[in-house]
Amino acid sequence: MPRRRYINLEAEMARKGLSKKDIAEVLGVRTATVYDKLKGKHPFTLDEVLKIKNKYFPEFTLEYLFYTEE
């Protein structure tokens, strides 16, 4: 079964120079957890997506940021 990838989120992180560690700090999780979520091993929760969007990407919609490509 193919895993989901958050291609837009990863692209926007790169544009802003944000690391997985930056995302992990705002979520209060390990960097490895963020890596797993970005690669589709585990889903982001609604609370997590809202924290990421509000802190780093208020200019984008959730639909755009968390679009998944399988």
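Reading the values: rules and limits
- Residues numbered from 1 in each chain as written.
- Predicted model: local features only at pLDDT ≥ 70, side-chain atom pairs only at ≥ 80, totals over all residues.
- Heavy atoms only, no water.
- Salt bridge = Lys/Arg side-chain N within 4 Å of Asp/Glu carboxyl O.
- Buried < 20%, exposed > 50% of the residue type's maximum accessible area, 1.4 Å probe, protein only.
- Core = buried A, V, L, I, M, F, W, Y, C linked by side-chain atoms within 4.5 Å.
- Helix = DSSP H or I, 4+ residues; strand = E, 2+ residues; numbered from the N terminus.
- Contact = heavy atoms within 4.5 Å.

Student: Talk me through the pattern of salt bridges; I want residue IDs and the actual numbers.
Tutor: Counted according to the given criterion, the structure contains 7 salt bridges. For Lys41, the salt bridge goes to Asp36, with nearest N and O atoms at 3.9 Å. We classify Lys41 as partly exposed; its relative accessible area is 44%. When salt bridges that share partners are traced, they join Arg5, Glu10 and Lys39 into one network.

Student: Explain the nonpolar core to me, using residue names and the numbers behind them.
Tutor: Buried together is how nonpolar side chains tend to be arranged in soluble globular proteins. One finds Leu9, Phe44, Ile52, Phe57 and Phe66 to be the most contacted residues of the largest nonpolar core, which totals 16 residues. Contributing elements (two or more residues each) for this core: helix H1 (7-16), helix H2 (20-27), helix H3 (31-38) and helix H4 (46-56). Leaving out residues up to four positions away in the same chain, Phe44 has contacts with Tyr6, Leu9, Leu27, Lys37, Leu38, Val49, Ile52 and Phe66.

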